[in-house]
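Structural characterization, general
Residue-level listing of the chains:
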Amino acid sequence: MTATRTIDPRTVGAGRRWAMLVASTLAQAASAVMVHGPAFLIPTLHREGMSLPEAGLVAAAPSVGMMLALVAWGWVTDRRGERFVLLTGLTGAALAGLASVLVDGLAPLVVTLVLGGAAAASTNAASGRVVVGWFPPERRGLAMGFRQMSQPIGVGIAAVSIAVVADEHGVSAALWVPTIAAVAVLGLVAAVVLDPPRPARTAESADNPYRGSRYVARIHGVSVLLVVPQFVVWTFALVWLVQGRGWSPAAAGTLVGVAQVAGALGRMGAGYLSDVVGSRLRPLRWVALAAAATMALLGLAVGLELSVAVLLLVIATMVTVADNGLAFTAIAERAGPFWSGRALGLQNTAQYLAASAVPPLAGLTVTHAGYAAAFALAAIFPVVAAPLVPVDAERPLS
């Protein structure tokens, strides 16, 4: 496993760049299977005698590991390179997944899943740097939007496979899914991913992007605010369709799946738009305003029991995730090759911390004020975020 592979960038054609994009996207998708997959074990764990709080602990364990390791992996990416981090992290995820299959008991299972999440966190910073490093500015937004499709892909794979395997063959069998995913992607990464070229390390090229400027920190803050409507919709879309609209779980799940596909395409569309207009942050502000309007209209339609609320739910699912790739690309471009790993690690950590608080707080709102209030109140956060987007401080794409 080598730390770097020096290569003349002029010898790397468009086909190889897109192959690296696909590999890094699938690496991130495998990470999503590892981190989000255990949530689909809850019904089987509960049926086999585990209490719901204990099953919830199992489901949350990989996310805890990821949050603890994101910044550290970012630091390693800045120091050792993207290829090294991807290979090391995926290897660790596969070993942790294998351990989770073999252990018995709640505590050992939680520990192995924490380690799996920590190892899977490697893909967050490193795969993003592969995109930024190998694609020119006028293609980078689209490429990062493609890469940001990885989370819905991973969650979809986990939803389709893990719950079914667990139901038919047990928890241990289901835990082979993230393990095999990590191994499969590890081979692809080893075959095609190269470290992107970096300039010589100088005081200017390795300058701390947080020193003397609030540009990156403001993007972190904007992204945290925009997480709120995203996770309100993700958490309560299905249950509102079942409880509030009387849909069957199968029909509601199908619509949520379609909405996730729309969200993935929305991320690509937002990235392409940023390439066309030559700005990451102007589209980011537009997305924030669109999210505010959509969530407010959704809350109103739900409160009035209008049939258009279902369509607005799909639109909200698409709009509220469209900011992710824009923010990631803007941070990586400003932080540069020697700081982007840590900056993206901080970005993800802040978003995960905010996302973990959304379901219980929004749940309290639903309990005491209803779904309409929860959706409408979520519109406040993108309203606050829009003027905080540092559009005026953005530099020309280069």
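In this numbering scheme, every chain counts its residues from 1 along its sequence in written order. With the structure being a predicted model, the display of local features is reserved for residues of pLDDT at least 70 and the display and counting of side-chain atom pairs for 80 or more, all residues being used for whole-chain, interface and lining totals. With hydrogens and water stripped out, all remaining heavy atoms of the structure feed into the side-chain values.

Here we come to the overall build of the protein. Each helix is a run of H or I in the DSSP string that is no shorter than four residues. Each strand is a run of E no shorter than two, and both are numbered from the N terminus. Secondary structure summary: the protein contains 18 helices and zero strands in total. Relative to the compact-globule value of 21 Å for 398 residues, the protein shows a C-alpha radius of gyration of 21 Å, a close match. Referenced to the eigenvectors of the C-alpha coordinate spread, the extents of the protein come out at roughly 60 × 50 × 35 Å. Contact between two residues is taken to exist if any of their heavy atoms lie within 4.5 Å; hydrogens are not considered. Counted over contacts in the protein with a minimum sequence separation of 6, partners at least 24 positions apart contribute 83%. Think of it this way: Lys and Arg go in the positive column, Asp and Glu in the negative one, and His and the chain ends go nowhere. By convention, the point assigned to a charge is CZ for Arg, NZ for Lys, CD for Glu and CG for Asp. Side chains of the protein carry 25 positive and 18 negative charges; the gap between the two charge centres is 9 Å. A radius of gyration in this sense is built from C-alpha atoms; the matching globule rule multiplies 2.2 Å by the number of residues raised to 0.38.

A cavity, in this analysis, means grid points on a 1 Å lattice covering only the protein atoms where a 1.4 Å probe fits yet has no way out; a pocket is instead an open set bounded by protein on both sides within 12 Å along at least five of seven lines, and a residue lines either one if it has an atom within 4 Å of a point. Grid points are joined across faces, edges and corners, and a volume is the space filled by probe spheres set on the points. In this structure, the largest pocket spans a volume of roughly 1,700 Å³. In terms of lining residues, the largest pocket is bounded by 45 residues, among which H36, V155, F231, W234 and T235 are the most central. The residue makeup of the lining of the largest pocket, split by class, is 24 nonpolar, 19 polar and two charged. Three classes are used, and their members are as follows: Ala, Val, Leu, Ile, Met, Phe, Trp, Tyr, Cys and Pro are nonpolar, Asp, Glu, Lys and Arg are charged, and the others, Gly among them, are polar.

So, on to the packing of helix α7 (residues 137-147) against helix α15 (residues 323-335). Each pair of packed helices gets described by two things: the angle between the helix axes and the distance between those axes. With their axes 9 Å apart at the nearest point, α7 and α15 run at an angle of 125° to one another. Classed by the angle they form, the pair α7 and α15 counts as oblique. Once α7 is placed against α15, the crossing between them reads as right-handed. Residues R140, M144 and R147 of α7 lie in contact with α15, whose contacting residues are G325, F328, T329 and E333. Residue classes in the contact of α7 with α15 are distributed as two nonpolar, two polar and three charged. Note on definitions: angles span 0 to 180 degrees between N-to-C directions of axes, and those axes are lines fitted to C-alpha atoms, for helices only across the stretch in contact. What sets the label is the angle itself: under 35 degrees gives roughly parallel, over 145 gives roughly antiparallel, 65 to 115 gives roughly perpendicular, and the rest give oblique. We call a crossing left-handed when the near helix sits turned anticlockwise from the far one by less than a right angle, and right-handed when that turn is clockwise.

Before going further, it helps to spend a moment on the environment of V114. With respect to the helices, strands and loops of the structure, V114 is situated in helix α5 (residues 106-120). For V114 and L225, which are 111 residues apart along the polypeptide, the C-alpha to C-alpha distance reads 26 Å. Contacts of V114, omitting those with residues within four sequence positions, involve A61, P62 and G65.

For the purposes of this section, nonpolar cores are sets of buried Ala, Val, Leu, Ile, Met, Phe, Trp, Tyr and Cys residues that join through side-chain atoms within 4.5 Å. Any residue under 20% of the maximum accessible area for its type is buried, any over 50% is exposed, and the rest in between are partly exposed; the area is computed with a 1.4 Å probe on protein chains only. Within the largest apolar cluster, 67 residues are counted, with the highest numbers of intra-cluster contacts made by V189, V193 and L281. In this structure V189 touches A23, A27, R83, L86, L87 and L90, once residues within four positions along its chain are discounted.

Attention now goes to the packing of aromatic side chains. Here is the rule: rings of Phe, Tyr and Trp (six-membered ring for Trp) pair when centre to centre is within 6.5 Å. Planes less than 30 degrees apart are stacked, more than 60 are edge-to-face, and the remainder are tilted. Scanning the entire structure with this criterion turns up four aromatic pairs. Seen from their ring centres, Y210 and W339 are 6.4 Å apart, and the 70° between their planes marks the pair as edge-to-face. Taken together, the residues span a long stretch of sequence, with Y210 in the loop between α10 (176-192) and α11 (215-243) and W339 in the loop between α15 and α16 (340-369) at a distance of 129 residues. Classification of Y210 as partly exposed rests on a relative accessible area of 25%. Ring centres of W240 and F375 lie 6.3 Å apart, and the angle between their planes is 90°; this geometry places the pair in the edge-to-face category. With W240 in helix α11 and F375 in helix α17 (residues 371-378), this pair connects stretches of sequence that are 135 residues apart.

As a further point, take the confidence of the model for the protein. Residue-level confidence of the predictor, termed pLDDT, takes values from 0 up to 100. Averaged over all residues, the pLDDT of the protein is 87; the fraction at 70 or higher stands at 95%. For residues 1-5, every residue scores under 50 in pLDDT, and the model assigns this stretch 16 contacts once sequence neighbours within four places are set aside.

Bringing α5 into the picture now. With 15 residues, α5 should cover 21 Å at 1.5 Å per step; its first-to-last C-alpha distance of 21 Å lies within 8% of that length. Where α5 is buried, its residues meet α1 (14-36), α3 (52-80), α4 (82-102) and α6 (122-134). To estimate how far a helix should reach, multiply one less than its number of residues by 1.5 Å.

Evaluated as defined, the whole model comprises one cavity of 30 Å³ or more. Around the largest cavity, the lining residues are V233, W234, A237, L255, V256, A259, Q260, L313, V314 and T317. Secondary structure elements with two or more residues in the lining of the largest cavity: α11, α12 (249-277) and α14 (308-319). For the lining of the largest cavity, the element with the highest residue contribution is α12, accounting for four residues. Residue composition of the lining of the largest cavity, by class: eight nonpolar, two polar and no charged.

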